[in-house]
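# Working through the structure, step by step
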Amino acid sequence: MRQPTLFEKQTTGPEVDARQLTLYALGEFQARGKALAERDLPLDRLRGAFKRACELFGIEELSDERSVAALESIGAHIRRVPPFVAKHPFRVIVPQDLAQRALAHYQEQVISRKAEG
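These lines cover the structure that appears in this document, whether it is placed above or below.

## Points about the environment of Val110
With respect to the element layout, Val110 can be found in helix H4 (residues 96–116). As a C-alpha pair, Val110 and Tyr24 span 86 residues in sequence and 9.6 Å in three-dimensional space.

Here it is in structure tokens:
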């Protein structure tokens, strides 16, 4: 088996449900003091939260398409914009109930991780 070099990303990691990862990312975004619910946010504003969640779970960062699919699967509203408007051409609106659910999920994960370690 070939060992990856320092600069190669790990392509196989633990199986993580994209929906759970997305809930965690949205909750973490809010825990950092950012307003999420009912805002028309560019996907680019959420990419940092997705990146941190992927790093925490030890998986490769999600593509825009996978992020958008996961967001839609948990109830976020997605709007595609022309590619000349933004590098990541999606806008995201997270309903209030989804934002509350994501924050609760994040808090549960933080508590369980503290209990484990």
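## Section: the packing of helix H1 (residues 18–31) against helix H2 (residues 43–57)
Contact geometry for H1 and H2: axes closest at 8 Å, N-to-C directions at 120°. Judged by the angle between their axes, H1 and H2 are oblique. The chirality of how H1 crosses H2 is right-handed. Each of Leu21, Thr22, Tyr24, Ala25, Leu26, Glu28 and Phe29 in H1 lies in contact with H2, whose residues at this interface are Arg45, Leu46, Ala49, Phe50, Arg52, Ala53, Cys54, Leu56 and Phe57. By residue class, the composition of the contact of H1 with H2 is 12 nonpolar, 1 polar and 3 charged.

## Let's talk about H4
Taking 1.5 Å of rise per residue, 21 residues should cover 30 Å, and H4 covers 30 Å from first to last C-alpha, within 8% of that figure. Listing the buried residues of H4 in full gives Leu98, Ala99, Ala102, His105 and Tyr106. Here the buried residues of H4 occupy an arc of 125° about the axis, which is enough to place them on one side. Residues of H4 that are exposed and angled more than 90 degrees away from the buried face: Asp97, Glu108, Ile111, Lys114 and Ala115. In this structure, the buried residues of H4 make contact with H1.

## Things to note about the pattern of salt bridges
This structure, assessed with the given rule, holds 6 salt bridges. Arg32 serves as the salt-bridge partner of Glu28, at 2.6 Å between the closest nitrogen and oxygen. Between Asp64 and Arg47 there is a salt bridge, with its nearest N and O atoms 2.9 Å apart. With Asp64 in helix H3 (residues 64–73) and Arg47 in helix H2, this residue pair connects regions lying 17 residues apart in the sequence. Taking relative accessible area as the criterion, Asp64 reaches 12% and is therefore assigned buried. In the salt-bridge network here, residues are joined through shared partners; they are Glu28, Arg32 and Arg52.

How each quantity is defined
- Residues numbered from 1 in each chain as written.
- Predicted model: local features only at pLDDT ≥ 70, side-chain atom pairs only at ≥ 80, totals over all residues.
- Heavy atoms only, no water.
- Helix = DSSP H or I, 4+ residues; strand = E, 2+ residues; numbered from the N terminus.
- Axes fitted to C-alpha atoms, helices over the stretch in contact; angles between N-to-C directions.
- Parallel < 35°, antiparallel > 145°, perpendicular 65-115°, else oblique.
- Left-handed = near helix turned anticlockwise from the far one by under 90°.
- Contact = heavy atoms within 4.5 Å.
- Nonpolar A, V, L, I, M, F, W, Y, C, P; charged D, E, K, R; others polar.
- Expected span 1.5 Å × (residues − 1).
- Buried < 20%, exposed > 50% of the residue type's maximum accessible area, 1.4 Å probe, protein only.
- Arc of directions from axis to C-beta.
- Salt bridge = Lys/Arg side-chain N within 4 Å of Asp/Glu carboxyl O.

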